[in-house]
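These are the residues of each chain, in order.
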Amino acid sequence: MKKLISILFLAVITITAFSSCELNDDNTVSYHFELIPTESAVFPESFVLGRTYTIKVYYKRPTSCHFFEGFYYEKNLNVRTVAVQTGVINANNCTPLDEEPVEATFDFMPTGESSYIFKFYKGKDQSGQNLFIEYEIPVVRQ
């Protein structure tokens with residue numbers, strides 16, 4: 001599945017590069033990855049142990065050269081740190097965007113009986129420290 005997503009992403013970048021972004025002298029597309037702020041996320045009020053939930057995440061693309069690549073996801077005990085990861089085409093003609101938030105989703109299945117804390121990357125403060133939006137979701141038995 002990851003290979004399919006990667007192939008589709010590269011196809012989108014290639015098509016977009018030929019239609020709207022400049023190419024390097026050797027006709028290759030140059031890009032890098034960037035984490036962008038999460039606007040919000042939607043969770044159920046609680047999780048039932050062993051059930052799978054689709055978590056909705058909302059973000060804004062900063063420029064026309066930013067494309068959704070997936071999620072950075074880190075787990076540490078019951079804490080999940082999540083960030084929206086984008087591929088960014090290195091081009092001089094990227095235009096700033098002021099769009100409504102875009103939705104992306106991921107699936108989550110609780111495997112423990114304690115609450116889960118989700119920390120979504122929100123950006124950096126003035127001193128360069130990471131900021132997070134935190135959600136705590138209890139796990140209940142059914």
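For clarity, every value in this text was computed on a predicted model and none was experimentally measured.

A closer look at the state of the cysteines
All told, the structure shown has 1 disulfide when counted by the stated rule. Between the sulfur atoms of Cys65 and its disulfide partner Cys94 the distance amounts to 2.2 Å. Because the torsion about its S-S bond is -95°, the bridge between Cys65 and Cys94 counts as left-handed. Placement of Cys65 in the loop between β4 (53–59) and β5 (66–76) and of Cys94 in the loop between β6 (79–89) and β7 (102–108) is noted, with a sequence separation of 29 residues between them. Judged by relative accessible area, Cys94 falls into the partly exposed class, the value being 24%.

Some words on the packing of aromatic side chains
Remark: the centre distance and the inter-plane angle together describe each pair of aromatic rings, the angle taken between the planes. Here the structure, examined in full by the defined rule, presents 18 aromatic pairs. An angle of 90° between the planes, with centres 5.6 Å apart, marks the rings of Tyr31 and Phe33 as edge-to-face. When the ring of Phe43 is compared with that of Tyr135, the centres are 5.1 Å apart and the planes differ by 45°; the resulting orientation is tilted. Of this pair, Phe43 sits in the loop between β2 (38–42) and β3 (47–48) while Tyr135 is found in strand β9 (residues 130–137), placing the two residues 92 residues apart along the sequence. Taken together through their ring pairs, the aromatic side chains of Phe43, Phe47, Tyr53, Phe108, Tyr116, Phe118, Phe120 and Tyr135 make up a single cluster. The residue whose ring lies beneath Lys119 is Phe132, and the NZ or CZ to ring-centre distance is 4.8 Å.

Overview of the pattern of salt bridges
For the structure shown, the criterion picks out 1 salt bridge. A salt bridge links Glu113 to Arg141, with the shortest nitrogen-to-oxygen separation between them at 2.3 Å. In this pair, Glu113 is assigned in the loop between β7 and β8 (116–124) and Arg141 in the segment after β10 (139–140), connecting sequence segments 28 residues apart.

Re unusual backbone geometry
Located in the positive-phi region is Leu77, a residue other than glycine, with phi close to 55°. As for its position among the elements, Leu77 is in the loop between β5 and β6.

Describing the sheet that holds β7
Each strand in a sheet pairs with another by means of backbone hydrogen bonds, the pair being arranged parallel or else antiparallel. As summarised here, the arrangement of the 3 strands in space is β2-β4-β7, forming an open sheet in which the pairing is antiparallel. A single partner strand is all that each edge strand has here, and the edge strands are β2 and β7. This sheet shows a mean twist of 25° between the axes of neighbouring strands, independent of strand direction. Bridging between β4 and β7 involves 7 bridges; their strand directions are antiparallel. Following the sheet pairing, Lys56 is matched in β7 by Thr105.

So, how was this worked out
- Residues numbered from 1 in each chain as written.
- Predicted model: local features only at pLDDT ≥ 70, side-chain atom pairs only at ≥ 80, totals over all residues.
- Heavy atoms only, no water.
- Disulfide = S-S within 2.5 Å.
- Helix = DSSP H or I, 4+ residues; strand = E, 2+ residues; numbered from the N terminus.
- Buried < 20%, exposed > 50% of the residue type's maximum accessible area, 1.4 Å probe, protein only.
- Phe/Tyr/Trp six-rings, centres within 6.5 Å; stacked < 30°, edge-to-face > 60°.
- Lys NZ or Arg CZ within 6 Å of the ring centre and 35° of its normal.
- Salt bridge = Lys/Arg side-chain N within 4 Å of Asp/Glu carboxyl O.
- Pairing = 2+ DSSP bridges.
- Axes fitted to C-alpha atoms, helices over the stretch in contact; angles between N-to-C directions.

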